[in-house]
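# Chains, contacts and geometry: an overview
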Amino acid sequence: MRPRGPIAARATLGLAILTLLLAGLARVEASPQATAASQGMSDPALARSDYIENCGGCHGITGSSAPAQVPELRGRVGYFMCTEETRAYILRLPNVAHSRIVDDGQLAELMNYVVYVLGKDSVPAGRAPFTGPEVARERRQALSAANLTDERARNVAIAMRECGAPATLGAMYDPR
Ligand code: HEC
């Protein structure tokens, strides 16, 4: 190997500075506010309290409802972000579509809280957050209670096939 001259040394120093700068940028990106914004929540505290008030009574304030026959949201609801069809499914659920939150943007933020915060790492990579117009479109096609079981099974199958969702998603909760 050639002895390292001043040019090589300067290049190494430059690289080190660049690495530090990039690490700094990555930290800015990962700040809670930036994360919430990238997950479609302009007001994460409101999204959380809307969830607790409107959904937490059945699904649990942390998204964990087992052993009740109510699907566990924590750590797994994000799989429903898999395809257009599966994301439409969770917006068309009667308790979501007919929510007393009439503002579509506010309901979109609640649902982003549900999938990204309660669902944790279960959102497949690269999926865009819900938006008000998407909520407005899908909630007009609300499901009826009669076909819920079939719709759930169909959408779980899509998430398993397309996004590697675990078979335990088929049950209301993971019976560990
Ligand atoms: C009265 C109790 C109740 C309330 C309130 C309620 N849910 Fe549910 N939710 C259920 C039940 C039961 C199911 C299962 C539906 C079925 O049979 O497929 C469900 C299904 C879901 C699912 C699909 C998850 C899966 O694994 O299939 C999501 C997402 C969801 N609810 C979100 C919400 C949100 C968000 C709210 C508040 C806006 C809410 N729910 C309010 C009882 C409730």
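Up top is the structure.
Quick caveat, the model's predicted, so the values are computed rather than measured. (Residues numbered from 1 in each chain as written. Predicted model: local features only at pLDDT ≥ 70, side-chain atom pairs only at ≥ 80, totals over all residues.)

## Digging into the overall build of the protein
As a reminder of what qualifies: Each helix is a run of DSSP H or I of at least 4 residues and each strand a run of E of at least 2, with the numbering of both proceeding from the N terminus. Residue burial is a threshold on neighbouring C-beta atoms within 10 Å of the residue's own C-beta, all placed from the backbone, with 20 or more meaning buried, 12 or fewer meaning exposed, and counts in between meaning partly exposed. Note on contacts: each residue gets a C-beta atom placed from the backbone, and two residues are in contact if those atoms are within 7 Å.
In terms of helices and strands, the protein carries nine helices and zero strands. Going through the 176 residues of the protein one by one, you find that 28% of them count as buried. Across the protein, every contact between residues at least 6 apart in sequence was considered, and the portion connecting residues at least 24 apart equals 71%.

## Digging into the packing of helix 5 (residues 84-92) against helix 9 (residues 148-163)
Note the cut-off: Angular values range over 0 to 180 degrees, each being the angle between N-to-C directions of two axes fitted as lines to C-alpha atoms, with helices fitted over their stretch in contact. Crossings are classed by handedness, with left-handed meaning an anticlockwise turn of the near helix from the far one by less than a right angle and right-handed meaning a clockwise turn. Gly falls in the polar group here, along with every residue not listed as nonpolar (Ala, Val, Leu, Ile, Met, Phe, Trp, Tyr, Cys, Pro) or charged (Asp, Glu, Lys, Arg).
It is at 9 Å that the axes of helix 5 and helix 9 come closest, and there the two elements cross at 145°. In this structure, helix 5 crosses over helix 9, and the sense of that crossing is left-handed. Along the contact surface, helix 5 presents E85, T86 and Y89, while helix 9 presents E151, N155, I158 and A159. Per-class residue counts for the contact of helix 5 with helix 9 are three nonpolar, two polar and two charged.

## Digging into the packing of helix 3 (residues 44-54) against helix 7 (residues 104-118)
Short version of the rule: Put simply, angles under 35 degrees are roughly parallel, angles over 145 are roughly antiparallel, angles from 65 to 115 are roughly perpendicular, and the rest are oblique.
One can describe the packing of helix 3 onto helix 7 by two numbers: an axis separation of 8 Å at closest approach and a directional angle of 85°. It follows that helix 3 is roughly perpendicular to helix 7 by the angle criterion. Here P44, L46, A47, R48, D50 and Y51 of helix 3 come into contact with helix 7, specifically with Q106, E109, L110, N112, Y113 and V114. Of the residues belonging to the contact of helix 3 with helix 7, the class tally is seven nonpolar, two polar and three charged.

## Remarks on the nonpolar core
Convention followed: To count as a nonpolar core, a set of buried Ala, Val, Leu, Ile, Met, Phe, Trp, Tyr and Cys residues must be joined through C-beta atoms within 7 Å.
Within the largest apolar cluster, 33 residues are counted, with the highest numbers of intra-cluster contacts made by F80, L110, M111, Y113, V114, V115 and A159. Secondary structure elements with two or more residues in this core: helix 3, helix 5, helix 7 and helix 9. With 10 residues, helix 7 is the largest single contributor of residues to this core. Beyond its immediate sequence surroundings of up to four residues, V114 is in contact with Y51, L73, V77 and G119.

## What about the site of the ligand?
For clarity, the cut-off: All residues are tested the same way: a C-beta atom is placed from the backbone, and lying within 6 Å of a molecule or strand makes the residue near it.
Residues in close proximity to the ligand total 18 residues, the closest being C55, C58, P71, N95 and R152. When contributions to the shell around the ligand are tallied by element, the ones reaching two or more residues are helix 4 (56-59), helix 6 (94-97) and helix 9. Classifying every residue of the shell around the ligand gives 11 nonpolar, six polar and one charged.

## What to know about the environment of A136
If you trace the backbone, A136 turns up in helix 8 (residues 132-139). Judged by the 15 C-beta atoms lying within 10 Å of it, A136 falls in the partly exposed class. Sequence separation between A136 and A97 is 39 residues, and the spatial gap between their C-alpha atoms is 8.9 Å.

## Some words on helix 9
What counts, and what does not: Take the residue count of a helix, subtract one, and multiply by 1.5 Å to get its expected span. Regarding the arc, it is the one traced by the directions from the helix axis to the C-beta atoms.
Here helix 9 spans 21 Å end to end across 16 residues, near enough to the 22 Å set by a 1.5 Å rise per residue. All buried positions along helix 9 are accounted for by N155, V156 and A159. Mapping the buried residues of helix 9 onto a view down its axis gives an arc of 105°, with all of them on the same face. Exposed side of helix 9, more than 90 degrees from the buried face: D150, A153 and R161 are the residues found there. Buried residues along helix 9 sit in contact with helix 5.

## Observations concerning the environment of A36
Mapped onto the elements of the fold, A36 is located in helix 2 (residues 32-38). What makes A36 buried here is the crowd of 20 C-beta atoms within 10 Å. Taking the C-alpha atoms as reference points, A36 and N112, 76 residues apart in sequence, are found 9.1 Å from one another. When residues no more than four places from it in sequence are discounted, the contact partners of A36 are M41 and P44.

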